[in-house]
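What follows is each chain in one-letter form.
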Amino acid sequence: MRRSPKETAESARRISRRGLLLGSLQGAFVGVLAFRMRYMQVEQSDEFRMLAEENRINIRLLPPARGLIRDRNGALIAGNEQNYRVVITREDAGDVDAVLQRLARVMPLSEEEIAAALEEIAKRSPNLPITVAERVSWEDFSRVAVNAPALPGVTTEVGLSRSYPLGKDFAHVVGYVGPVSDYDLSKLDKPDPLLSIPRFQIGKVGIEAKLEDSLRGTAGTKRIEVNAVGRVMRELDRQEGQPGTDVQLTVDYRLQNYALARLKAESAAAVVIDVESGDLLAIASAPSFDPNNFVRGISSADYSALTENDHRPLADKTVQGTYPPGSTFKIVTALAALEAGVITTEDTVACHGYTELGNRKFHCWKRGGHGNVDLEESLEQSCDVYYYEVAQRVGIDRISEMARRLGLGMRHDLPLSAVAEGLTPTKDWKLERHKKEWLVGDTLNAGIGQGFVLASPLQLAVMTARVATGRAIAPRIVKSVDGIEQPIAPAEVIGLNENHLRAVRKGLYAVSNSNRGTAYASRIVDDSMRMAGKTGTSQVRNITAAERASGVISNDQLPWNRRDHALFVCYAPYEAPRIAVSVVVEHGGGGSAAAAPIARDILLQALNDGFPSLSAYPQSQRSRIEAEREELDLIDPEAPAPGRIRA
C-alpha cells in the first residue's frame, strides 16, 4: 500500500525523534563514563594506586584505659603504665617462622617467647595481631621500628598495662589482672569483643575481678593502611573508646601498710572497721605477694614458691579463712543466755577446772579452775566452765541465732573473692550434713567457740562493731564509683536489751583493763582511748587424757602447724566507740600473747591516723614499742601518696 505524503512526513518525524532520544541517551552515557573515568583516574588515583600495590585497609580494636582504683584519700592503688609492645599479624607476615627468627636478631627474643607466639598465632584469626613481646625497652622498640621493611607483619605499639604502685599491701583486696583464658570466656554468654584481643587482661581475683565490667571500659577502633609486605603505612582514622570507671575504696593505704607490716612474718589476718559507717579501713592478710609479678608474667619458680609456702600467701585469710573463734565467741553465748533469761549478770558458776558430762570431762584452760565467777569475771578471765554451763542452759539453736544477729554465719556482700559464710551450727544442720543427732557435748564445745563453729576475721570484726554500737553494722569496701559516693544504709538497731549489751561491754573492758584480765598486758593507758576486747585461743589438735595428766605440752614446744590459733577482737574508745579490730594469728599460740598486742597497736594507729604518743602504752613497754616501730617495713611517712589527687 502506498503511503501518502502526509503519512511519510509523520513517519520521518517519529524516526527523527527516536534518533534524537537515542543519541541523547548515548551522549549521556558517554558523559557519565567519561566523568567516572576522570574521577577514578584523578580523584581516586591514590587509592587505586594503593590497591594496585596490594595495599589494604585494616580495622583494629583499641583497648581502653582501665579504670583506676584509689584509697579513701585518693592515693593510687591500681593504675596504668605505658607499655611498649611488638606484635605480628600472620596474614601480613607470610612465613611467620622466618619473620620471628629475623625479629630475634633485631631484639632479644627467647625460644620460649617465640614458641608462645607461634602457639598463640595458631589459635587466633590470621588477621588478628598477636603480641610477641611487651614491656620492651625504648632501644629495642626503636630498633624494630627501623627494621620494619625487613619484618613483614611486625609492628610496634604503645599501650597501657596494669601496675600496682603499693605492691603487696593490697594484693588480696584489689587482686590482679591477667590474660583472658578459655575458662574466662566459657563463663560468658556474649563475650565483649575486647576479650578476643590476644593477651588482653581482665581481673582475675579481688576487686579487679568483681568490678571487671566497670573497670574494663569499652573498645575504640582505628583504621590503618597496610602495604603488601604487612607494613603499616599510616593511620587513616581513630575513634577512642570509653575508659573504665574509676573506683575509690574505703581503705586507708597507710593504715593498710601498717597492719600488714605489724603482722610481720606471721600467717595472720587483721580487719579494721569504722563502727559508725561500716567502712573497712584496713583488711590485711599475711604473708602477701606482689601482684605486679602476675601482670608481667610470673615465673614457674616464683609461683611454686607461693603455692608451696605453708603460710599460704595467695589466700586472703581476712574473708576466705574460717577458724574456730575460740573464746571470742563467748560474747555470743553470753548475750544469747542473757536475752533468753537463763542467766542474770549476778549469777555465778563454780569453776573447778572442768565440767563432767557423762563419763567425759570438758576442761577449762586454767587447770586449777577460777572458783565462783559471774558474767563480768567470766569474760575478764575467759572461764570455759562458766560457758559450758551457760551453753547447756540456753541451747545451740539460740546460740546460733544470736551469732547470726551479730554477723557470724553469713556471707557479707563485698566485691572480694571467695567471701566465706562461716558456720553457726544447729541441730538440723548436723542431722542434714552429718546424718547424726546433735549431742550435748557439741553444745558445750560450741559455747566456747570450738567444735563446728567457724568464723572469718571479717565476721569477727563485724560482730565486735555490732556489740560496741548495738546496731547491725554492715561492712563496705567501695566508697565511690566514678566519683559518685556510694550510699550508706543506716544501720538498724539489732534489738538486744541495752542492759545486756552494757554488761557484756563491761566484761570486755575488764579483759584489757583489769589486772586479772587476759589482755591486761596489751592495755591502752590513755583514758581517751581505753580499749574493750576479748582474747581467744582455738585448738587445732586433740589433747589426750594422758597428756592432761602429765601436763599439756606448751605451744612453743609443738611443731608450728600443731599450735593453737590466736585471736583477739577489740574496739575503742570504750565510752564512744569509733574503731573495731579483729586479729587472727594462725598457729600463734595464745590470743593474749600473740594476737592482742598486734590488735592493740593497729587500733591505736587507726585512732590516731598514725603513730600514737608512747604515753598511750604502759610505761614498761614504751622503749620496746619505740624500737619495734623502727624495725617495721613501713611506707615513708614523709613520702607523698602515690598518684594522689590534689584538691
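Residues numbered from 1 in each chain as written. Predicted model: local features only at pLDDT ≥ 70, side-chain atom pairs only at ≥ 80, totals over all residues. Heavy atoms only, no water.

Packed helix pairs are specified by the crossing angle of their axes together with the interaxial distance, meaning the distance between the axes. Put simply, helix 14 (residues 330-340) and helix 16 (residues 384-394) touch, their axes get as near as 10 Å, and they point 45° apart. Judged on the interaxial angle alone, helix 16 and helix 14 are oblique. For the element pair helix 14 and helix 16, the recorded crossing hand is left-handed. Contact with helix 14, carried on its side by Lys330, Thr333, Ala334, Ala336, Ala337 and Ala340, involves Asp384, Tyr387, Val390, Ala391 and Val394 of helix 16 and no other residues of that element. When its residues are assigned to classes, the contact of helix 14 with helix 16 shows eight nonpolar, one polar and two charged. (Axes fitted to C-alpha atoms, helices over the stretch in contact; angles between N-to-C directions. Helix = DSSP H or I, 4+ residues; strand = E, 2+ residues; numbered from the N terminus. Parallel < 35°, antiparallel > 145°, perpendicular 65-115°, else oblique. Left-handed = near helix turned anticlockwise from the far one by under 90°. Contact = heavy atoms within 4.5 Å. Nonpolar A, V, L, I, M, F, W, Y, C, P; charged D, E, K, R; others polar.)

Here we take up helix 6 (residues 138-146). Taken as a whole, helix 6 has its buried residues at Asp140, Phe141 and Val144. Relative to the axis of helix 6, the buried residues are bounded by an arc of 105° and lie together on one face. Within helix 6, the exposed residues directed more than 90 degrees away from the buried face are Glu139 and Val146. Summarising the contacts, the buried residues of helix 6 are in contact with strand 3 (76-88), helix 4 (96-106) and strand 5 (154-163). (Buried < 20%, exposed > 50% of the residue type's maximum accessible area, 1.4 Å probe, protein only. Arc of directions from axis to C-beta.)

With that out of the way, let us pick up the environment of Gln256. By the element assignment, Gln256 lies in helix 11 (residues 253-263). Sequence separation between Gln256 and Ala282 is 26 residues, and the spatial gap between their C-alpha atoms is 4.8 Å.

With 93 residues, the main nonpolar core has Leu249 and Ile477 as its most contacted residues. Of the residues forming this core, the biggest block, eight residues, is contributed by helix 20 (residues 457-469). Ignoring sequence-local partners within four residues, the contact set of Leu249 consists of Ile69, Arg70, Asp71, Arg72, Ile77, Val173, Val174, Ile207, Ile477, Val478 and Lys479. Among the nonpolar cores identified, the runner-up in size contains 40 residues, and Ala566, Phe568, Val581 and Ile602 belong to it. (Core = buried A, V, L, I, M, F, W, Y, C linked by side-chain atoms within 4.5 Å.)

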